[in-house]
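The residues making up each chain are set out below.
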Amino acid sequence: MLIMFVTTDTYNDKYMYFEILDSKLYVIVHYGIQKFFRLEPVVSDGRWHVIVFNRVGNKITLRLDNTEDQFTFRDPVKFPFRYAYLGKAPANEWRNVMRMTKSRVAFDGCLQQVKFNGNDLINLVGSANIFTNARQGCKFQETTDQQVAAFIRPTYLGLPPWTASNSTSILMFNFRTMESSGLILFHGDVEADYVAIELVGGVLKTTLQIGHGTRTVSALIAGLNDNMWHSVLLEITTQSFILEVDDMPMQQPLSEANFEFTGGLYIGGIPENVNSTLLTYTMQSNPFFLGCAKALIVNNVIQDLLQAGNGKSGVRSECEGTCAAYPCQNGGSCRQMENQFDCLCSGSFSKGKTCSEEMSKVRFTAGSSLSYTLYEHKNHDPR
C-alpha cells in the first residue's frame, strides 16, 4: 500500500515514496541515484507507528519506531519537492505513480501528524487545493485476531445492533473458556425477537426467538470448555438458521425469517435492564461468560471489541497473561491484578508461577529418616 509519494514535478524527475509491502515499510529515494530502504518491524499490526525521515546535508536518517537506518549521498542534495500525495495520487497521476512504486495499491488505514518541512499535511485535509477523499478522524479496526475481549469477571460489552439483511445474515466469532456454562452473546428483546448463544454443560446452544416461534439448536461437539479456541458461525436465511461450531453445522427450519433485534448487541453477558426472568433457566443461572472472545464479525463488519472494552472493569484486551486464559494448572486458583495474574497454588501440591512445577517428594521406607539442624543455640561468652 502506498502511504506517501513526494515529487519535484509532474515529470517525476526526483521523487521519494513510502509504502507497505508484506507488512514491512519500504522507502525509496530517487535523486540521481536510487536508494532503497527496507525496515524489518511489522507495521500491518493495527497499531500506531512513528516514521521519521530526516536529511541534513547529504546524509539521510530513516527511523521506524526504535529501528534506524542511514545513508549518505556522494553529493549534497536539496530535495526541492513540490507535490506530496498521501494514500494515493490524483487520477491524472495515479497511473504514472503506480509504474514507479511496487505495491500499486492505495493506502487503507489512518495517518496522523504527517509533517513535511514543518507543514502538517493532515491539517490541510478538506481544503480547496487538496485532492482528497480522506476524512477527518480515525476509527481504524484492528485485524480480527487482535479484536479480543478477555472476561475475567462477570460483565458485558455493548456493541452496535445486528441489522437483518434481505436474504442472509451472518454472525461469527471465536471463544475459549474452561467454564462449562455461561451466556456468551445476546441480542434483542426478551418480549420480542432475540438471539442468544450460550454454553451449557460444555455444549454450545443457540436460542432464536422470531415472532411467536422459538427455535433451539445445539452443537454436535461436546467438551468445548477445554481452554482451546473454537469457531462459531450463526447464519439466518429466509428458510432456516444454521449454527456451525468448528466447521460442523446444525440446521433448523424457520417459518418466519424477518427478525428485528432492537437494542444493542451484548457479548460476555446481559445488562441489568434485561428482564432475565423471561429467559431460559440456563441463561438465568449463568447470565455471564468467563473466558475469551475474539474476531466478532457481523454481516462482514468487524466489531470493535477493543474500543468497547476500553476502560471497562472486568475486561482485558488480550487473552494471554490474564485469568481469562486459565493459566493456573493442577487446581491452582487465579487472582487477577491490574497488569498481571497470580496463581495461588495452596492445596494443589504444585508450585511455580502457574502451579505447573511438581513439589519435591521423598520416599520413606521402614527405618529411613531425615534429620535437620534447624538452628544452633550459641552460648554468650561474656569475655
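Coordinates for the structure precede this section.
Computed from a prediction, not measured in an experiment: that's the story for all the values here. (Residues numbered from 1 in each chain as written. Predicted model: local features only at pLDDT ≥ 70, side-chain atom pairs only at ≥ 80, totals over all residues. Heavy atoms only, no water.)

### Observations regarding the overall build of the protein
Moving on, step 1. Within the protein, the regular secondary structure consists of three helices and 28 strands.
Moving on, step 2. Across the 383 residues in the protein, those meeting the buried criterion constitute 41%.
Moving on, step 3. A fraction of 57% describes how many contacts in the protein between residues 6 or more apart in sequence connect residues 24 or more apart.
Moving on, step 4. Only carbon and sulfur atoms are counted for the fraction: they give 48% of the accessible area of the protein, which is about 22,300 Å². (Helix = DSSP H or I, 4+ residues; strand = E, 2+ residues; numbered from the N terminus. Buried < 20%, exposed > 50% of the residue type's maximum accessible area, 1.4 Å probe, protein only. Contact = heavy atoms within 4.5 Å. Areas by Shrake-Rupley, 256 points an atom, 1.4 Å probe, with all protein chains shown as cover.)

### Comments concerning the pattern of salt bridges
Moving on, step 1. All chains considered together, the criterion is met by four salt bridges.
Moving on, step 2. With a shortest N-O distance of 2.6 Å, Arg335 and Asp342 are connected by a salt bridge.
Moving on, step 3. Of the residues examined, Asp342 reaches a relative accessible area of 24% and is grouped as partly exposed.
Moving on, step 4. When salt bridges that share partners are traced, they join Lys24, Arg38 and Glu40 into one network. (Salt bridge = Lys/Arg side-chain N within 4 Å of Asp/Glu carboxyl O.)

### A few points about the state of the cysteines
Moving on, step 1. Evaluation of the coordinates by the stated rule reveals four disulfides.
Moving on, step 2. Covalently, Cys292 is tied to Cys319 through a disulfide, its sulfur atoms 1.9 Å apart. Taking the sign of the S-S torsion, 85° for the link of Cys292 and Cys319, the bridge is right-handed. Placement of Cys292 in strand β22 (residues 291–298) and of Cys319 in the loop between β24 (315–316) and β25 (333–336) is noted, with a sequence separation of 27 residues between them.
Moving on, step 3. Between the sulfur atoms of Cys328 and its disulfide partner Cys343 the distance amounts to 2.0 Å. Handedness of the Cys328-Cys343 disulfide follows from its S-S torsion of about -90°: it is left-handed. Of this pair, Cys328 sits in the loop between β24 and β25 while Cys343 is found in strand β26 (residues 341–344), placing the two residues 15 residues apart along the sequence.
Moving on, step 4. Take Cys328: its relative accessible area is 12%, and that puts it in the buried class.
Moving on, step 5. What makes Cys343 buried here is its relative accessible area of 8%. (Disulfide = S-S within 2.5 Å.)

### A look at the sheet that holds strand β6 (residues 59–64)
Moving on, step 1. Taking strand neighbours across the sheet as the criterion, the three strands line up as β5-β6-β7 in an open arrangement whose pairing is antiparallel. Among the strands making up the open sheet, the edge pair consists of β5 (51–56) and β7 (67–72). Taking the axes of each pair of neighbouring strands and ignoring which way they run, one obtains an average angle of 15° across the sheet.
Moving on, step 2. When β6 meets β7, the two strands line up antiparallel, connected through six bridges. Note on β7: the bridge partner recorded for Thr61 is Gln70. (Pairing = 2+ DSSP bridges. Axes fitted to C-alpha atoms, helices over the stretch in contact; angles between N-to-C directions.)

### Topic: the environment of Thr214
Moving on, step 1. With respect to the helices and strands, Thr214 occurs in strand β17 (residues 213–218).
Moving on, step 2. Classification of Thr214 by relative accessible area gives partly exposed; the value is 40%.
Moving on, step 3. Along the chain, Thr214 and Tyr194 lie 20 residues apart, while their C-alpha atoms are 9.4 Å from each other.
Moving on, step 4. Leave out the neighbours within four places in its chain, and Thr214 touches Thr207, Leu208 and Gln209.
Moving on, step 5. Of note is the side chain of Thr214, whose polar atom sits 3.5 Å from the side chain of Gln209. (Polar contact = N/O pair within 3.5 Å; in protein donor to acceptor, adjacent residues only side chain to side chain.)

### Brief notes about the nonpolar core
Moving on, step 1. With 35 residues, the main nonpolar core has Leu171, Phe173, Phe175, Leu204 and Leu296 as its most contacted residues.
Moving on, step 2. Not counting chain neighbours up to four residues away, the residues in contact with Phe173 comprise Ile184, Leu185, Ile197, His230, Ser231, Val232, Lys294, Ala295 and Leu296.
Moving on, step 3. Counting 23 residues, the second-largest nonpolar core is a separate cluster that includes Met16, Val29, Leu39 and Phe81. (Core = buried A, V, L, I, M, F, W, Y, C linked by side-chain atoms within 4.5 Å.)

### Comments concerning a nonpolar patch on the surface
Moving on, step 1. Side chains of Val362, Phe364, Leu370, Tyr372 and Leu374 sit close together on the surface and give an oily, nonpolar patch of about 620 Å² of accessible area.
Moving on, step 2. Considering the arrangement of structural elements, one finds Tyr372 in the segment after β28 (357–358). (Patch = residues over 30% accessible without salt bridge, like charges linked within 9 Å, V, L, I, M, F, W, Y side chains within 5 Å.)

### Here's the deal with the pairing of strand β19 (residues 240–245)
Moving on, step 1. Extensive coverage of β19 is indicated by the burial of five of its six residues.
Moving on, step 2. Two elements, strand β18 (residues 230–236) and β19, share five bridges in a ladder whose sense is antiparallel. Residue pairing for β19: Leu234 is matched across the bridge by Leu243.
Moving on, step 3. Counted along the chain from β18 to the antiparallel partner β19, the turn is three residues long.
Moving on, step 4. Of the pairings in the sheet, the one linking β19 to strand β20 (residues 248–253) comprises six bridges and is antiparallel in character.

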